[in-house]
Amino acid sequence: MTDNVLGIFPYEGLKNTTMQLLKEYPMIKMDCYVGDLQRGLEIAESKLASKNYCLIVSRGGTSNLLSANFKIPVVDIGVSKYDIVHAVQGTLRLSKVAIVGFEFLIDKAKFVIADFQKNIKLYKINSEEEVKAIIKNLKKNNFDAVIGDMVTTRIAKELGLNSILISSDIENIQFALTRAIDLMKVQSKFLEAEQLLKYTLKNNKEAVVVLDDERKIKNYYNMSDPFKMLPHIKKRIQFPKMDNKAFKSRGVYYTIQQDEEEPHFLFINQLVYYNSSKNSTFSMDSFVSDCFDIFFNTIYSSEELSLFDNSLSDHLPIVIAGQEGTGKRYLLKKLLESKKNLSVFDSTNVNLFRNFVSSPDSPLFNENNIIVFYKFDTFSQNTRDIIINFINQTLLYKRSKLFFTYENNIDLNTESFISLKKQPRFLKTQDIRNLSSNQVNHLIPILLNRFNREFGKNIISMTDLAFDSIINKAWDRNISQFISALEYAYSSATEPYVNIKEINFGYKHEIAINNLKSYHKQIKEQIPKCSIEITKESSLKKITKEIVEQTLIKNNYNKTLTAKELEISRSTLWRILKESSGL
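In this text, all values refer to a predicted model and were calculated from it rather than measured experimentally.

Rules behind the numbers
- Each chain carries its own residue numbering, running from 1 in the direction its sequence is written.
- Predicted model: local features are reported for residues with pLDDT of at least 70 only, side-chain atom pairs are reported and counted for 80 or more only, and whole-chain, interface and lining totals are derived from all residues.
- The side-chain values count all of the structure's non-hydrogen atoms but skip hydrogen atoms and water molecules.
- In this text, helices come from DSSP runs of H or I with a minimum length of four residues, and strands from runs of E with a minimum of two, each type numbered from the N-terminal end.
- The contact criterion used throughout is that any non-hydrogen atoms of two residues lie within 4.5 Å.
- Throughout, the Shrake-Rupley method with a 1.4 Å probe supplies accessible areas, and for residues the shown protein chains are the sole cover considered.
- In the sections that follow, a salt bridge refers to a side-chain nitrogen of Lys or Arg positioned within 4 Å of a carboxyl oxygen of Asp or Glu.
- Throughout this description, buried means an accessible area under 20% of the type-specific maximum (1.4 Å probe, protein chains only), exposed means over 50%, and partly exposed covers the range between.
- Strands were regarded as paired on the criterion that DSSP finds at least two bridges between them.
- All axes here are fitted lines through C-alpha atoms, helices being fitted over the stretch that makes contact, and every angle between N-to-C directions spans 0 to 180 degrees.
- By convention, orient the strands away from the viewer: a clockwise path from the first strand over the helix to the second makes the crossover right-handed.
- Centre distance within 6.5 Å is the pairing criterion for rings of Phe, Tyr and Trp, where only the six-membered ring of Trp is used; planes under 30 degrees apart are then read as stacked, over 60 as edge-to-face, and the remainder as tilted.
- Should the NZ of a Lys or the CZ of an Arg lie within 6 Å of a ring centre and within 35 degrees of the ring normal, that charge is described as sitting over the ring.
- Summary of the metric used: pLDDT quantifies the predictor's per-residue confidence within the range 0 to 100.
- Polar contact is the term for a pair of N or O atoms within 3.5 Å; when the atoms are in protein, one must be able to donate a hydrogen and the other to accept it, and sequence-neighboring residues count only if both atoms are side-chain atoms.
- The directions from the helix axis to the C-beta atoms are what the arc is built from.
- Orientation categories follow fixed angle ranges, with anything under 35 degrees roughly parallel, anything over 145 roughly antiparallel, 65 to 115 roughly perpendicular, and all other angles oblique.
- Left-handed describes a crossing in which the near helix is turned anticlockwise from the far one by less than a right angle; the clockwise case is right-handed.
- In this count, Pro and Cys sit with the nonpolar residues alongside Ala, Val, Leu, Ile, Met, Phe, Trp and Tyr, while Asp, Glu, Lys and Arg are called charged and the others, Gly among them, polar.

### Brief notes about the overall build of the chain
A tally of helices and strands in the chain yields 22 helices and 20 strands. Nonlocal contacts in the chain, meaning residues at least 24 apart in sequence, comprise 69% of its contacts between residues at least 6 apart. For the chain, the exposed area adds up to about 29300 Å²; of that, 48% sits on carbon and sulfur atoms.

In structure tokens:
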């Protein structure tokens, strides 16, 4: 998938500001051009003909025009009421002022001018051609100035009328770039789903075993090492219910999945989440990791830090417990980043734990492994009981180092851990809301200094009001939210200190970004999963059906376009639609 973005900006200043901000968004590769309305449309036509772009970033009437003429998504930088207030404030000493703009601008301006003790005329336009006649009439009636978008100010200049451009502030541009990144991720997932359909229809390379009516191997396909793998499969197909599905061949773990609709077909899948040659999967952005380093070294006592560092020195299970965003993932990264032989179980793959339990050559029966049960409180009570019973019965803690993370405060008298034969060591992470003012006061200048090294500014302190605001905020997502909000506040600071306005902006902006991420996460969860693993719940037929549905929707149920996009014939598409009862 292309990750190139086309930027069409109605004026030079917006282009320059965006190009500066793009340094903070290295994942966006944007080609930037200046062109308002029709000129912007001409530039887009030319550039889209010569290069593939995944989306366009623009503003105002130009953005609307691009959306109406191209199928490619357009992200609008937007104009806020705050931007309009800035423009209107520049005309307070003038007597006759008008705002001329497209519908989106005029609708916002109505609410703004109501707060000013001033009669400002509003003129709604639907095209560039209407602007010249309106400006001529305003000049004829002795108006002092006109406020508007680039088309308004450009024509006003040509006709000799004073004008003020409504410009977009940095916050609007940042928000648009963030939306562009989220949209690119959704597009990437969708493209992966399309590619998976092509893969399964035309060139499926999964290892497939075909059984005869007596459950003997009749044939096999795409098997990398049949001599090593077939003996494992032969042993397991003797069980009618296929209870023993996990096996290891040449250091790699696999599962056997039997298709529910076609029981003669077995699919052999590598377990990608467990690989003894890989290091810990608990990676973090280096800057965020440094900020958590600062937090832990500033807030925690030397005894607590020593307890963290020494947690690997014995066979005690470790429970890392605390509220969301308090650094549990950071602790796992710090403790396990150089370790190998790591198995991670969470609520998305916990069913595979049952497969491993029934396979004697699984990592659960090997020695010197590290096994992490991530967000253990999200497992069902039944699953937690099964895991604890297995640990007790097989003395798993003697063979492997066990870690549990827990997203809430633990009541040790009621939780499953009390039934462990080997009582665990509890590592509790600090809640920022429980810190004293003195602790926060020590933390902030060190974090600001780290920000200075990262971003090249020279912010040395914070006002008392800003500090009080930090102490009194909810911080629902704890340290991770605090670090992000402080970073946003820092980026908006124009003086060598952070003030309360910037802290409030950072806090609200972080909440908005988190809500946007949650929204797009919901969208992504509706897109067909792009895993090669084919289970009973996700057979070839089901995957094919789901991705055909998505592609049909995308193409407005145009079957010709759908067949062309999936690189299959119309007859193949009709056959799939006929076989899929939901289509």
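### Structural notes on the pattern of salt bridges
Applying the stated criterion across every chain, the model contains 16 salt bridges. Of the charged contacts in the structure, one is a salt bridge between lysine 328 and glutamate 407, with a shortest N-O distance of 3.5 Å. Of this pair, lysine 328 sits in helix H12 (residues 328-336) while glutamate 407 sits in the loop between strand S17 (400-406) and strand S18 (425-428); the two residues are 79 residues apart in sequence, bridging distant segments of the chain. There is no split in this pair, since lysine 328 and glutamate 407 are both buried.

### Details of the sheet that holds strand S3 (residues 55-58)
A sheet is described by the order of its strands in space; here four strands give the open sequence S2-S1-S3-S4, paired in parallel fashion. Unpaired on one side and paired on the other, strand S2 (29-34) and strand S4 (74-76) mark the two borders of the sheet. Recorded for the sheet is a direction-independent mean angle of 25 degrees between the axes of neighbouring strands. Looking at chain direction, strand S1 (residues 4-9) and S2 are connected through six bridges and run parallel. When the bridges of S2 are listed, phenylalanine 9 appears paired with valine 34.

### Considering the pairing of S1
Here S1 lies mainly inside the structure; six of its six residues are buried. The alternating pattern of S1 places Asn4, Leu6 and Ile8 and Val5, Gly7 and Phe9 on opposite faces, both of which are buried. Regarding the hand of the β-α-β motif, the stretch spanning S1, helix H1 (residues 12-21) and S2 is right-handed. In the sheet, S1 pairs with S3 via three bridges, with the strands oriented parallel. Looking across to S3, one finds that valine 5 is bridged to leucine 55.

### Topic: the environment of glutamate 45
Tracing the chain through its elements places glutamate 45 in helix H2 (residues 38-50). In the structure, glutamate 45 is positioned 24 residues away from asparagine 69 in sequence and 9.4 Å away in space, judged by C-alpha atoms.

### Description of the packing of aromatic side chains
Centre-to-centre distance and the angle between the planes together describe a pair of aromatic rings. Under the counting rule described, the total for this entry stands at 20 aromatic pairs. Plain terms: the ring middles of phenylalanine 365 and phenylalanine 390 are 5.7 Å apart, the flat faces sit at 85 degrees to each other, and that makes the pair edge-to-face. Of this pair, phenylalanine 365 sits in the loop between helix H13 (351-357) and strand S16 (369-373) while phenylalanine 390 sits in helix H14 (residues 381-394), placing them 25 residues apart in sequence. The class of phenylalanine 390 is buried, set by a relative accessible area of 7%. One aromatic cluster in this structure is built from Phe292, Phe295, Phe296, Tyr300, Phe308 and Tyr330. A cation over a ring is seen here: lysine 81 above phenylalanine 111, with NZ or CZ 4.7 Å from the ring centre. Lying across the ring of tyrosine 490, lysine 457 places its NZ or CZ 5.1 Å from the centre.

### Concerning the confidence of the model for the chain
Summing up the model confidence of the chain, the mean pLDDT is 81 and the portion of residues at 70 or higher is 82%. Mean pLDDT values over the elements of the chain span from 67, in helix H20 (residues 540-554), up to 95, in S2. Every residue in residues 200-205 scores below 50 in pLDDT, and together they form twelve contacts with partners more than four places removed in sequence or on other chains. Overall, residues 526-538 carries pLDDT values under 50, and its contacts beyond four positions in sequence, including any with other chains, amount to 34 contacts.

### Topic: the sheet that holds strand S14 (residues 318-321)
One open sheet holds the five strands; their spatial order is S15-S16-S17-S14-S18, and the pairing between them is parallel. In this open sheet, the two edge strands, each paired with only one partner strand, are strand S15 (342-345) and S18. Shown here is a sheet whose adjacent strand axes are inclined to one another by a mean of 20 degrees, direction ignored.

### Looking at the side chain of serine 58
Topologically, serine 58 is positioned in strand S3. Its relative accessible area of 0% is what places serine 58 among the buried residues. Here isoleucine 8 takes part through its backbone oxygen, which lies 2.7 Å from a polar atom of the side chain of serine 58. Excluding its chain neighbours within four sequence positions, the residues that come into contact with serine 58 are Ile8, Ser63, Leu66, Val75, Asp76 and Ile77.

### What about helix H6 (residues 129-140)?
By the burial criterion, the buried members of H6 are Val131, Ile134, Ile135 and Leu138. One side of H6 carries all its buried residues, which in axial view fall inside an arc of 100 degrees. In this structure, H6 carries Glu129, Ala133 and Lys140 as exposed residues pointing more than 90 degrees from its buried face. Residues of H6 that are buried make contact with strand S5 (97-101), strand S6 (120-124), strand S7 (145-148) and helix H7 (150-159). Of the residues flanking the end of H6, it is asparagine 142, one or two places downstream, whose phi is positive at about 60 degrees.

### Here we look at the environment of aspartate 76
Among the structural elements, aspartate 76 can be located in strand S4. A residue is classified by how much of its surface remains accessible, and aspartate 76, at 25% relative accessible area, is partly exposed. Through-space distance from the C-alpha of aspartate 76 to that of isoleucine 56 is 8.6 Å; in sequence the pair is 20 residues apart. Each residue touching aspartate 76, except ones within four places of it in the same chain, is listed here: Ser58, Arg59, Gly60, Ser63, Ala176 and Arg179. Among the polar contacts made by the side chain of aspartate 76, one reaches the main-chain amide nitrogen of glycine 60 at a distance of 3.1 Å. Among the polar contacts listed, one links the side chain of aspartate 76 to the backbone nitrogen of glycine 78, at a separation of 3.4 Å.

### Some words on the packing of H2 against helix H3 (residues 60-69)
Packing of H2 against H3 brings their axes to within 9 Å, and their N-to-C directions diverge by 45 degrees. The orientation of H2 relative to H3 falls into the category oblique. The two elements H2 and H3 cross, and the hand of that crossing is right-handed. Taking contact as the criterion, the partners of Gln38, Gly40, Leu41 and Ala44 in H2 are, on H3, Thr62, Leu65, Leu66 and Asn69. Class assignment of the residues belonging to the contact of H2 with H3 gives a composition of four nonpolar, four polar and no charged.

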